[in-house]
Amino acid sequence: MADSVQVIPVAHIYPEGCAFGSIEDIKGKTVVVMGLGLNGGGEASVRFLLKNGANVIATDMKTEEELKPTIDSIAADSSLDKSRLVYHLGGHSIEDFENADCVIKNPGVKYDGNKFLAAAKAIETDISLFLHFSKAPIIAVTGSKGKSSTVSAIHYGLREAGFDAFLGGNITVSPLSFIDKTSEKTPVVLELSSWQLADLRGRKLLRPKISVITKIVPDHQNFYHSMIAYVADKKLIYAEQTKKDFAIFDFDDDAAADGGTLIENWGNIFARETKARVLRYSRKALPKNVDGVWLDKNGRGKCRIGGTEETILRDLVVPGKHIRTNCLNAALVLRLMGVEAKKIAEIIGKWNGIEHRLEFFHEYKANGRSFRFYNDSAATVPEATAAASQSFDAPVILIAGGTDKGLDLSPIPLALSSPSAVRPESIYLLEGSATDKLLPLLSAEKIAVRGVYPSLDALLSALKSDIAGNAACGTECGIVVFSPGATSFGMFRNEFDRGNSFKDAVRRIFAGE
């Protein structure tokens, strides 16, 4: 019997340009929106297409009941001609895809092996439509960790500096929702996932004025066949940049970046490949011949562009060393956009962070202690959880765990057991396949776990009981951090639903003193 052979998928290359030559070309076309969803991308596509005269078929594997919030939102908009909209929910029909002039693809759906996408005459995404039709200068950010914090700080900084800027992409805001407000004078900050970038391969539509690639570590390895394939999609962010543009890459080696590739510094590879002007970011002083930003021994952000050194980052409101790096990159983007260094330090110093990223949202008092709750649900990789656990000056009560997505979970126990680490006060875990992998790793480092729980309610009730019985004893101020380091498929719709569910449950269970 012949040995089985693994067939490695070949990245799909889309035709150059867009299926619609102009906005007017959309009128009268039949367009399938594949994945109506609950995060805004599908809804924004439906709205954009209806406003421009298309006949729209919105299809999704989810049922009408599951998609009720999105359906109700569209139904409530009297400006839309809903006579040209039909819903085919609870599954897809191959005839819809064969007969449509174009399909708007959800970025989370693989092209490879998908019979519905294979039947489509043309495929676009909300991002490709936006890039084709908007003239706005683009600041694009991708990476494995810190994307959302970085784009949010950039957007905040631009607005505070007087720019009429917009924020969209993977941060759950489709840029189609604000496309009519954009022009050559309105910078648009886009957070782009590897999947969203993959859907742009071959189109030659993404030409950022400034691109940023944050820290690269293994991620989505249940979706990709290798780390190389994952990074190949990330590289698309600078593929069409020219020497007139800027690209910002990591300067530091990091063993966590390896992913089986023996590569510990992806930034060096990116810097060799791009045609854009390269700037680097680092945790330590950059060599004199390298432009970019770094943190000095006092944690201040230093910037060098064309030989001139300036301080562009000082005190921050948000906690965490990794957040400081994200703010440093945001500050560099603002400097490239012409904002003065002193003003940048003032602006970024006032930024309060974003929802689901070490977000402080609740305080509870019991037994003479004050407990501060932080929601870090956007931490879907173990490195993010490792960083969150070390973001405070005191031991934290760490809540983690969830569903495995093919990642190495050792960064969590290694960070907690390091000689220089602040060990957690206690650890509570949510059930899931990632938790099953994490438990023996924690045990090997002699890191105790209070328990594994089937739901947030069960976990938080146990935590409250432990607090009442002084089991979770420690410093005067307790810090409770929900930083899963995994996904939670089956228990929650996505990391944002998970974070909102956590906040709701905390406010309910820990109401009052």
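Residues numbered from 1 in each chain as written. Predicted model: local features only at pLDDT ≥ 70, side-chain atom pairs only at ≥ 80, totals over all residues. Heavy atoms only, no water.

1. A closer look at the overall build of the protein
- If you tally the helices and strands in the protein, you get 16 helices and 20 strands.
- Relative to its length of 513 residues, the protein is compact, with a C-alpha radius of gyration of 23 Å against a globular reference of 24 Å.
- Each principal axis of the C-alpha atoms in the protein carries an extent, and together these give about 65 × 65 × 55 Å.
- Looking at the protein as a whole, 56% of its 513 residues qualify as buried.
- Counting contacts in the protein only where the partners sit at least 6 residues apart, residues at least 24 apart contribute 71% of the total.
- Roughly 22000 Å² of accessible area belongs to the protein as shown, and the carbon and sulfur atoms make up 50% of that amount.
- Within the protein, one finds 61 positive and 62 negative side-chain charges whose respective centroids are separated by 6 Å. (Helix = DSSP H or I, 4+ residues; strand = E, 2+ residues; numbered from the N terminus. Rg over C-alpha atoms; globule rule 2.2 N^0.38 Å. Buried < 20%, exposed > 50% of the residue type's maximum accessible area, 1.4 Å probe, protein only. Contact = heavy atoms within 4.5 Å. Areas by Shrake-Rupley, 256 points an atom, 1.4 Å probe, with all protein chains shown as cover. Lys, Arg positive; Asp, Glu negative; His and termini not counted. Charge placed at Lys NZ, Arg CZ, Asp CG, Glu CD.)

2. Here's the deal with the sheet that holds strand 11 (residues 277–282)
- Taking strand neighbours across the sheet as the criterion, the 9 strands line up as 7-8-6-9-10-11-12-13-14 in an open arrangement whose pairing is mixed. Of all strands in the sheet, those with a lone pairing partner are strand 7 (166–169) and strand 14 (308–313), marking the two edges. On average, each strand axis in the sheet is inclined to that of its neighbour by 20 degrees, with strand direction left out of account.
- Bridge count between strand 6 (residues 138–142) and strand 9 (residues 210–213): 4 bridges; the pairing is parallel. Following the sheet pairing, A140 is matched in strand 9 by S211. (Pairing = 2+ DSSP bridges. Axes fitted to C-alpha atoms, helices over the stretch in contact; angles between N-to-C directions.)

3. Some thoughts on unusual backbone geometry
- Of note, the phi angle at K204 is positive, near 60 degrees, even though the residue is not glycine.
- One can find K204 in the loop between helix 7 (194–198) and strand 9.

4. Here's the deal with the pairing of strand 16 (residues 369–375)
- The buried fraction of strand 16 is high, at 6 of 7 residues.
- Joining the antiparallel neighbours strand 15 (residues 359–366) and strand 16 is a turn of 2 residues, in which N367 adopts a positive phi near 55 degrees.
- As paired strands, strand 16 and strand 20 (residues 477–482) are joined by 6 bridges and run parallel to one another. Bridging from a neighbouring strand, F373 pairs with V480 of strand 20.

Honestly, it's all geometry; don't read function into it.
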